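What follows is each chain in one-letter form.
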Amino acid sequence: MNKYMLIVNSVEVLAAIAGSIYVSKYRIDLSIRYFVYFLWFTVLVETIGLLPTFIYYYEDFCFLDDTIFKKNKWLYNTYYIISFSFYIWYFKSNLKKRWNRKLLSLILFLYIITTTLNLIFTDVFFSRTSSYTYINGSVLILLSVMFYFYEMLQSDEILSFNKSLSFYISIGALIFHLVVPPLIIYDSYFKLDKSPEFVEIRRFIIRGANIFMYTCYIFGFLVCYKKNNSYKRNRSYS
């Protein structure tokens, strides 16, 4: 494992820890609690996803050489459906307008069905990242975030957006899913032996986007934790 991968994994764990501290203190928002569970689920998936690296570099893991754990495309293709579906659900749960919520519910249902069928009826599941799953999921997350921003601009929440944890989550998710999908589109056209420069740049950008996204989450948890603490102290003195 190189140092950049270690940094990304460390930031993911820190985001999950920060979220756990936040929800242990403030249990009101159910969607935030599920979001923290999702962060820990992501940490678990990323940990399992490191097995091919360990199998390749460490003899102690050679007993897994002939198992499905030698490659992790199947793991991430499954995870991406869960991940994109969760983000769409999360932003839907923060919407107030009934029509927007219904539209995202319908879109989410169709997304789960079509992406699952795509994995079943193509050879992509074990061989490579499913562009269909990733691109469509990213577009739907961007749509969900736009709905969230639109409603926020029309409400009083815009006056205190810096106190909203969902705002920091939306910024992290928005930037990540604007930056990474173009790299996934061209992923199958570039190989390490033929295009090492592209592969290295791709890794750098994806890791940077991950670090930015999880740093936004950490910052959001810390800011909202302090704001809520300050609000509680002020009320106790009034």
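Rules behind the numbers
Residues numbered from 1 in each chain as written. Predicted model: local features only at pLDDT ≥ 70, side-chain atom pairs only at ≥ 80, totals over all residues. Heavy atoms only, no water. Helix = DSSP H or I, 4+ residues; strand = E, 2+ residues; numbered from the N terminus. Buried < 20%, exposed > 50% of the residue type's maximum accessible area, 1.4 Å probe, protein only. Contact = heavy atoms within 4.5 Å. Areas by Shrake-Rupley, 256 points an atom, 1.4 Å probe, with all protein chains shown as cover. Axes fitted to C-alpha atoms, helices over the stretch in contact; angles between N-to-C directions. Parallel < 35°, antiparallel > 145°, perpendicular 65-115°, else oblique. Left-handed = near helix turned anticlockwise from the far one by under 90°. Nonpolar A, V, L, I, M, F, W, Y, C, P; charged D, E, K, R; others polar. Salt bridge = Lys/Arg side-chain N within 4 Å of Asp/Glu carboxyl O.

> How would you sum up the overall build of the protein chain? Please name residues and give values.
When its secondary structure is counted, the protein chain shows ten helices and zero strands. Helices and strands appear in the protein chain in the N-to-C order α-α-α-α-α-α-α-α-α-α. The burial tally for the protein chain puts 45% of its 238 residues in the buried class. When contacts within the protein chain are restricted to residue pairs at least 6 apart in sequence, long-range pairs at least 24 apart make up 72% of them. Taken as a whole, the protein chain presents about 13,900 Å² of accessible surface, with 66% of it coming from carbon and sulfur.

> Run through the packing of helix 2 (residues 30-49) against helix 4 (residues 73-93), naming residues and quoting values.
Remark: helix 2 packs on helix 4, axes separated minimally by 11 Å, with the N-to-C direction vectors making an angle of 165°. As far as their axial angle goes, helix 4 and helix 2 are roughly antiparallel. The handedness of the crossing between helix 2 and helix 4 is left-handed. Here S31, I32, Y34, F35, F38, F41, T42, V45, E46, I48 and G49 of helix 2 come into contact with helix 4, specifically with L75, Y76, Y79, I82, S83, F86, Y87, W89, Y90 and S93. Here the contact of helix 2 with helix 4 is built from residues that sort into 15 nonpolar, five polar and one charged.

> Break down the pattern of salt bridges for me, with residues and values.
Enumeration over the complete set of coordinates arrives at one salt bridge. The shortest N-O distance in the salt bridge between D123 and R128 comes to 3.8 Å. D123 gets classed as exposed once you look at its relative accessible area, which sits at 58%.

> Let's hear about the side chain of S144: which residues, and what values?
By secondary structure assignment, the location of S144 is in helix 7 (residues 131-153). By relative accessible area, S144 is classed as buried at 0%. Among residues more than four places away in sequence, those in contact with S144 are I88, F91 and L104.

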